[in-house]
Amino acid sequence: TWGRVCNELLKTVGKSNYTTWIAPLRMIDMSEGIAAFEAPTKFMRDWVSRNFGEAILRELRNDGHVVERIEFRVPELRPIPANEVSRPAVAAPAPAAPKARAEEDLPGAPLDARFTFDNFVVGKPNELAHAAARRVAEGGPVTFNPLFLYGGVGLGKTHLMHAIAHELQIRRPEARVRYLSAEQFMYRFVQALRERQIMDFKEMFRSVDVLMVDDVQFIAGKDSTQEEFFHTFNALVDQGKQIIISADRAPGEIKDLEERIKSRLQCGLVVDLHPTDYELRLGILQTKTEAYRAQYPGLKMADGVLEFLAHRITTNVRVLEGALTRLFAFASLVGKEITLDLAQECLTDILRASDRKVTIEEIQRKVAEHYNVRLSDMIGPKRVRTIARPRQVAMYLSKQLTTRSLPEIGRRFGGRDHTTIMHGIRKIEELMGSDRQIAEDIDLLRRLLES
Ligand code: ADP
Ligand code: MG
């Protein structure tokens, strides 16, 4: 039985490993040669499977079970319905106050309490968007209408919109502020159509003071939703109500969006959130780390870890945050200081995914440029030193900066044999020790290619 196996595992992996990793597992099935376990979190699942999978398998077999492999799963998390989050536990019994009724009928999505201006780190890439959002949130006479925020995933569009809503709730508590995604807008609309309540729908949307629609690119190509959105938009603007829109790209670049909508979206202020730069990423990491320090008192972090993350994870802020969250959880679980090694170990997957992919073609092009030789000579047969050496540098960099195998690299160098590639790489490695110029060239090229 699992109990007996556990006893054995306790001996082989040690008490602390056992309590941290094995004890929380629940065996959920054992049939057809597969033993299935449930781990409390994805992170634990991955960790256990990587580090203790073998041991568990071995002990199961030792205990006489015929097991071919083990599977680790995590329980499906039931999403908490929005109305369970913010509703107080002691709800007012019916009949509810008329105002509350109306509020409830108003379509909107719950706001994330963490998405405030206070928690938003401002840097060069987002300072304009931030300033515009602040201005709109400060209210007063309508400033920019609509305010159109755009930018890639995870750059803070939703965060800023929620921040505006939070701020408005404080400054103008009487204002009816509604935030929802374009997708929700569409579902409400379709539902209204189906239930023949389109007049109510129109009424609802036209009675708000501030309307925010997130990810508006979603309604592109959805004709009747676009049509309705256009009318809602116009009605609100005509009444001098504020509209705030976000999208993943500029209005003019959203395909399958009607021209008249595009031009209306452009008539207010259009600002973009640029991809994060190193300083902004570091700032965000520092801010989040402050919060984590309170949550995990006593946890130490070595110098350079945040800098390393800011340097390596450049994709989006969500991924950056996820990395930090995992790092703190992991360090507190194993009771270790957060060091570079620990970060590398615990974030392998994230780091790998965010590595920029350099292609062999790019390498050949950059190297040819650098040594002022023709690109065709990179793959051609010429053997003179002035050409052969740069070619070897390109081979070396291809091995270093890509995941290609030697035969694959050979193929991209005009069908050379993998031993030729190997020879070229060795030659460069050798020279790097003795020839300063080569070492500097490689360093420079590597930086150019990796930036
Ligand atoms: P988007 O809507 O543009 O895809 P989000 O607003 O959902 O991005 O941001 C993704 C995550 O990154 C959120 O958790 C958000 O709080 C965080 N984030 C993005 N930009 C910043 C910033 N400048 N400061 C602090 N947190 C940020
Ligand atoms: Mg968003």
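For clarity, every value in this text was computed on a predicted model and none was experimentally measured.

Side note on the overall build of the protein
Alright, step 1. When helices and strands are tallied, the protein shows 22 helices and eight strands.
Alright, step 2. In the protein, which comprises 451 residues, the share counted as buried stands at 28%.

Section: the site of ligand 1
Alright, step 1. Taken together, 17 residues are adjacent to ligand 1, and Gly156, Lys157, Thr158, His159 and Val317 come closest.
Alright, step 2. Elements represented by at least two residues in the shell around ligand 1 include exactly helix H7 (157–171) and helix H14 (317–334).
Alright, step 3. Per-class residue counts for the shell around ligand 1 are seven nonpolar, seven polar and three charged.
Alright, step 4. The residues that make up the shell around ligand 1 include at least three from each of domain 2 (102–273) and domain 3 (278–354).

Section: unusual backbone geometry
Alright, step 1. Asn145 connects to Pro146 through a cis peptide bond whose omega is -5°.
Alright, step 2. Positive phi is not limited to glycine here, since Asp215 has a value of about 55°.
Alright, step 3. Mapped onto the elements, Asp215 comes out in the loop between strand E6 (210–214) and helix H10 (223–238).
Alright, step 4. The phi dihedral of Asp256 is positive, around 60°, even though this residue is not glycine.
Alright, step 5. By the secondary structure assignment, Asp256 is in the loop between strand E7 (242–247) and helix H11 (259–265).

With respect to the sheet that holds strand E5 (residues 177–181)
Alright, step 1. What the five strands build is an open sheet, ordered E5-E6-E7-E4-E8; its pairing is parallel. Among the strands making up the open sheet, the edge pair consists of E5 and strand E8 (269–273). The sheet shows a mean angle of 15° between the axes of neighbouring strands, direction not considered.

Regarding the environment of Glu8
Alright, step 1. Tracing the backbone shows Glu8 in helix H1 (residues 2–13).
Alright, step 2. On the basis of neighbour counts, which here come to 16 C-beta atoms within 10 Å, the residue Glu8 falls in the partly exposed class.
Alright, step 3. Taking the C-alpha atoms as reference points, Glu8 and Glu59, separated by 51 residues in sequence, lie 6.9 Å from one another.
Alright, step 4. Those residues in contact with Glu8, other than ones at most four positions away along the chain, are Glu59 and Asn62.

What about the pairing of strand E3 (residues 69–73)?
Side chains on a regular strand alternate between the two faces of the sheet.
Alright, step 1. Pairing of strand E2 (residues 34–38) with E3 involves five bridges; the strand directions are parallel. Considered in E3, the bridge of Phe37 is made with Phe72.
Alright, step 2. The parallel pair E2 and E3, bridged by helix H3 (residues 42–62), forms a crossover whose chirality is right-handed.

Comments concerning the nonpolar core
Alright, step 1. Counting 64 residues, the largest nonpolar core has Ile164, Leu309 and Leu327 as the members making the most contacts within it.
Alright, step 2. When residues in this core are grouped by element, the largest group, seven residues, is from H14.
Alright, step 3. Those residues in contact with Ile164 that lie beyond four places of it in its chain are Ala133, Val136, Ala137 and Ile244.

Some thoughts on H3
Alright, step 1. Along its length, H3 reaches its greatest deviation from straightness, about 65°, at Phe52.
Alright, step 2. Along H3, the residues that are buried comprise Val48, Phe52, Ile56, Glu59 and Leu60.
Alright, step 3. Downstream of H3 by one or two residues, Gly64 has phi in the positive range, about 95°.

Quick word on the sheet that holds strand E1 (residues 26–31)
Two modes of strand pairing occur in sheets, parallel and antiparallel, and in both the strands are linked by backbone hydrogen bonds.
Alright, step 1. Ordered by their spatial adjacency, three strands build an open sheet running E1-E2-E3, and the pairing between neighbours is mixed. Of all strands in the sheet, those with a lone pairing partner are E1 and E3, marking the two edges. Neighbour to neighbour, the strand axes of the sheet diverge by 20° on average, direction disregarded.

A closer look at the UniProt feature "binding site: ATP" (unreviewed entry) in the protein
Alright, step 1. Taking the numbering used here, the UniProt-annotated feature "binding site: ATP" (unreviewed entry) corresponds to Gly154, Gly156, Lys157 and Thr158.
Alright, step 2. Here Gly154 lies in the loop between strand E4 (147–151) and H7.
Alright, step 3. For Gly154, a count of 19 C-beta atoms within 10 Å puts it in the partly exposed group.
Alright, step 4. Within the fold, Gly156 resides in the loop between E4 and H7.
Alright, step 5. Gly156 has contacts with Phe120, Asn126, Leu273 and Val317, leaving out every residue within four places of it along the chain.

Regarding the pairing of E6
Alright, step 1. Of all the five residues making up E6, five are buried; the element is thus mostly covered by neighbouring parts of the structure.
Alright, step 2. Of the pairings in the sheet, the one linking E5 to E6 comprises five bridges and is parallel in character. Counterpart to Arg178 in the pairing with E6 is Leu211.
Alright, step 3. Between E6 and its parallel partner E7, the chain crosses via H10, and the hand of that crossover is right-handed.

Some details on the packing of helix H8 (residues 182–194) against helix H9 (residues 198–206)
Alright, step 1. For the pair H8 and H9, the least separation of the axes is 7 Å and the interaxial angle reads 145°. Taking contact as the criterion, the partners of Arg188, Phe189, Ala192 and Leu193 in H8 are, on H9, Ile198, Asp200 and Phe201.
Alright, step 2. When the residues that make up the contact of H8 with H9 are grouped by side-chain class, the tally is five nonpolar, no polar and two charged.

Describing the packing of H1 against helix H2 (residues 15–22)
Alright, step 1. Look at H1 against H2: their axes get within 7 Å of each other, and the N-to-C directions meet at 125°. One element, H1, and the other, H2, form an angle in the oblique class. The chirality of how H1 crosses H2 is right-handed. Seen from H1, the contacting residues are Cys6, Leu9, Leu10 and Val13; seen from H2, they are Lys15, Asn17, Tyr18 and Ile22.
Alright, step 2. In terms of residue class, the contact of H1 with H2 is built from six nonpolar, one polar and one charged.

Basis of the calculations
Residues numbered from 1 in each chain as written. Chains lettered and ligands numbered in written order. Predicted model: local features only at pLDDT ≥ 70, side-chain atom pairs only at ≥ 80, totals over all residues. Helix = DSSP H or I, 4+ residues; strand = E, 2+ residues; numbered from the N terminus. Buried ≥ 20, exposed ≤ 12 C-beta atoms within 10 Å, placed from the backbone. Near = placed C-beta within 6 Å. Nonpolar A, V, L, I, M, F, W, Y, C, P; charged D, E, K, R; others polar. Domains from an automatic or database assignment. Pairing = 2+ DSSP bridges. Axes fitted to C-alpha atoms, helices over the stretch in contact; angles between N-to-C directions. Contact = placed C-beta atoms within 7 Å. Right-handed = clockwise from strand over helix to strand, strands pointing away. Core = buried A, V, L, I, M, F, W, Y, C linked by C-beta atoms within 7 Å. Bend = angle between axes of the 7 residues up to and from the residue. UniProt positions renumbered as here; feature names shortened; annotations may be inferred. Parallel < 35°, antiparallel > 145°, perpendicular 65-115°, else oblique. Left-handed = near helix turned anticlockwise from the far one by under 90°.

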